[in-house]
Amino acid sequence: MVEVQYDAVVAGAGPAGSTVAGGLAQGGFRVLLLEEHRDVGRPLHCSGLVTPRTLEEAGVAEEIVLNRVRGADIFAPSGRSLSLGDGDSRALVIDRVALDRALVARAQERGAELEMGVKVVAAERAVGGLRVTLQDRSQRQWTVGTRLLVGADGAHSRVARALGMAGAGERICGLGGEGVLPGVEEDRVRVYVGKSLAPGWFAWTIPLGGGRVRLGVGSGNGLKPIECLRRLFATHPEQFRGWKASFWTGGTIPLWSQRRIVQDNVMLVGDAAGQVKPTSGGGIYPGLVGARLAAQVGREALARDEVTEDSLSAYPRAWQQELGQEFRRGSDLRRVYVSLEDRDFDRLLGIFGHSALLRAANRYGDIDFPGRLFHRLVRLAPALWWFVRGPLRYVPLWR
Ligand SMILES: Cc1cc2nc3c(=O)[nH]c(=O)nc-3n(C[C@H](O)[C@H](O)[C@H](O)COP(=O)(O)OP(=O)(O)OC[C@H]3O[C@@H](n4cnc5c(N)ncnc54)[C@H](O)[C@@H]3O)c2cc1C
């Protein structure tokens, strides 16, 4: 029989973990929030491009906004490009460290107890809950008992691995950096596509203002991101002339796939649950949605003292209800995307350059819902349908 000290232990004080911890503590439960690093939000592995909807979901003020984005330029390896955007600002560049700090502060205000520099290293089942082994930075270990363990510990979730819940979905190896890029547009994102450049993924620059940008690149087939970066600079030398990096970080992006994210006494949220857009790798918004729903369901389960897989399953069902269709469409789009050769990107950018499609893309473009936009465009333009039909024959039916 486990000796229960906490109603909930939450591993990881990223956006997902802090949101769940605050939401559970709000219900009057005793919640322990653990963060393995000593500094919230650091090291940083994120470019911080989000929608205004994300800030609303987070309940965080616009003070963390560093810049507003009004459009995007997409470049194929041939140099062919497509400009998107109608002048409206649809995306924000945020101070990601400030977001994490604001959410941790709110979790504490709501009553969660925070332990920094402490990580979950193991978890085992016992009657009445789980026994969780914690370790501090001087390697000291101890155990705590809890009725609910939330794994919000990111792409390499220890909680998921300890309890046999690690997903088998695709993982993108990313490299991100920040620096100065002379001549960069201050309110436009650049996206560089091409199988020869970043196979299975893409490269990007996101303006911060004052000539500073966040630059990133990823690959989906095991090619080292540093090699993708070399190819990016070699393919578009004039666009990166004068680039000076201040720092670089690596990171893994665990793309969404159908998987189990609850068990008796356990829930996974955010990157640990693979709640990451399959098209762009954006995980802040879907992770926050997951965290809100996990907190709601967790509160109810704790209140009834019925922390079983059955009662916790209301959480993945609610997440599917809110984002499942978009993510299934996103996965379909990804299957098409990985099948494209460099020459296909030229053709695709040409098709998108068609004025009716461009108008629709500018009007309905939304980085949280690319699948919904593509669905609309396919209905508008049969040419697009014919173009993707080849790869899409592997997709059961356009959803
Ligand atoms: C290069 C790159 C660029 C990106 N750019 C964007 C972007 O522009 N927009 C966007 O929406 N998304 C972006 N993402 C994805 C986004 O960063 C993640 O989806 C998001 O951070 C997930 O939040 P989370 O709270 O689930 O996990 P995380 O933010 O990873 O937080 C997990 C926390 O758990 C802690 N932790 C880990 N293990 C343990 C343990 N055993 N015990 C205790 N604590 C632990 C970690 O230190 C960390 O603080 C990017 C990712 C990468 C790699």
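Details of the structure are given in the entry above.
Here is what the cut-offs are and how they apply
- Residues numbered from 1 in each chain as written.
- Predicted model: local features only at pLDDT ≥ 70, side-chain atom pairs only at ≥ 80, totals over all residues.
- Heavy atoms only, no water.
- Near = heavy atom within 4 Å.
- Polar contact = N/O pair within 3.5 Å; in protein donor to acceptor, adjacent residues only side chain to side chain.
- Areas by Shrake-Rupley, 256 points an atom, 1.4 Å probe, with all protein chains shown as cover.
- Helix = DSSP H or I, 4+ residues; strand = E, 2+ residues; numbered from the N terminus.
- Patch = residues over 30% accessible without salt bridge, like charges linked within 9 Å, V, L, I, M, F, W, Y side chains within 5 Å.
- Salt bridge = Lys/Arg side-chain N within 4 Å of Asp/Glu carboxyl O.
- Lys, Arg positive; Asp, Glu negative; His and termini not counted.
- Charge placed at Lys NZ, Arg CZ, Asp CG, Glu CD.
- Pairing = 2+ DSSP bridges.
- Axes fitted to C-alpha atoms, helices over the stretch in contact; angles between N-to-C directions.
- Contact = heavy atoms within 4.5 Å.
- Buried < 20%, exposed > 50% of the residue type's maximum accessible area, 1.4 Å probe, protein only.
- Phe/Tyr/Trp six-rings, centres within 6.5 Å; stacked < 30°, edge-to-face > 60°.
- Core = buried A, V, L, I, M, F, W, Y, C linked by side-chain atoms within 4.5 Å.

## A short note on the site of the ligand
Thought 1: Close contacts around the ligand come from 29 residues, with E35, H37, L49, R96 and D271 the closest.
Thought 2: Between the ligand and the protein, one listed contact pairs a nitrogen atom with a backbone N or O atom of S47 at 3.0 Å.
Thought 3: Take G48: an N or O atom from its main chain is 3.2 Å from an oxygen atom of the ligand.
Thought 4: Protein chains shield 88% of the accessible area of the ligand, which is 1000 Å² for the free molecule.
Thought 5: Within the residue set of the shell around the ligand, elements represented by two or more residues are α1 (15–26), β2 (31–35), β9 (118–126) and β16 (244–254).

## Overview of a positive patch on the surface
Thought 1: On the surface, R363, R372, R376 and R379 cluster together to form a positively charged patch.
Thought 2: Residue contributions to the positive patch peak at 3 residues, all from helix α11 (residues 370–380).
Thought 3: Position of R372 relative to the elements: it lies in helix α11.

## Description of the sheet that holds strand β13 (residues 188–192)
Thought 1: One open sheet accounts for 7 strands, arranged β6-β5-β13-β14-β15-β12-β16; its pairing is mixed. One side of each edge strand has no neighbouring strand; the edge strands of this open sheet are β6 (81–84) and β16. Between one strand and the next, the sheet's axes are offset by a mean angle of 15 degrees, whatever the strand orientation.
Thought 2: Contacting β12 (171–180), β13, β14 (203–209), β15 (212–219) and β16, helix α5 (residues 225–235) runs over the sheet at an angle of about 120 degrees to β15.

## Topic: the pattern of salt bridges
Between side chains of opposite charge, a pair can form as their charged atoms come close.
Thought 1: For the structure on display, the rule yields 27 salt bridges.
Thought 2: Put simply, D305 and R147 hold a salt bridge, and the shortest N to O gap is 2.9 Å. Taken together, the positions of D305 in the loop between α6 (284–304) and α7 (309–312) and R147 in strand β11 (residues 141–151) put the pair 158 residues apart, joining distant regions of the chain.
Thought 3: Residue D305 is classed as exposed on the basis of its relative accessible area of 55%.
Thought 4: On the basis of relative accessibility, which here comes to 14%, the residue R147 falls in the buried class.
Thought 5: We note a salt bridge from E178 to R214, for which the minimum N-O separation is 3.4 Å.

## Points about the packing of aromatic side chains
Thought 1: Evaluation of the coordinates by the stated rule reveals 10 aromatic pairs.
Thought 2: Judged by centre distance (5.3 Å) and plane angle (50 degrees), the ring pair of Y192 and F240 falls under tilted. Residue Y192 is located in strand β13, and its partner F240 is located in the loop between α5 and β16; the two are separated by 48 residues in the primary sequence.
Thought 3: Of the residues examined, Y192 reaches a relative accessible area of 0% and is grouped as buried.
Thought 4: Pairing W243 with W248 gives two aromatic rings, centres 5.9 Å apart and planes at 65 degrees, and the pair type is edge-to-face.
Thought 5: The buried category is assigned to W243, whose relative accessible area is 15%.
Thought 6: With relative accessibility at 35%, the residue W248 sits in the partly exposed group.
Thought 7: An aromatic cluster of at least three residues, connected via ring pairs, comprises F75, Y192, F233 and F240.

## A word on the nonpolar core
Thought 1: With 58 residues, the main nonpolar core has L24, V31, L148 and Y315 as its most contacted residues.
Thought 2: Residues contacting L148, with those up to four places away along its chain left out, are D7, A8, V9, L24, N265, V266, M267, G298, L302, V307 and L312.
Thought 3: Ranked by size, the runner-up nonpolar core spans 33 residues in total, among them L82, V193, I253 and L348.

## Comments concerning the environment of E185
Thought 1: Among the structural elements, E185 can be located in the loop between β12 and β13.
Thought 2: C-alpha of E185 to C-alpha of L208: the two residues are 23 residues apart in sequence and 9.9 Å apart in space.
Thought 3: In this structure, E185 is in contact with D73, R190 and P207, ignoring residues within four places of it in sequence.
Thought 4: Within the structure, E185 has its side chain in polar contact with the side chain of R190 (distance 3.4 Å).

## Examining the sheet that holds strand β3 (residues 49–50)
Thought 1: An order of β3-β7-β4 is seen for the 3 strands of this open sheet, with the pairing classed as antiparallel. Each end of this open sheet is capped by a strand with a single partner; those strands are β3 and β4 (65–69).
Thought 2: In this structure, β4 lies alongside strand β7 (residues 91–94), joined through 4 bridges in antiparallel fashion. Within β7, the residue paired with R68 across the bridge is L92.

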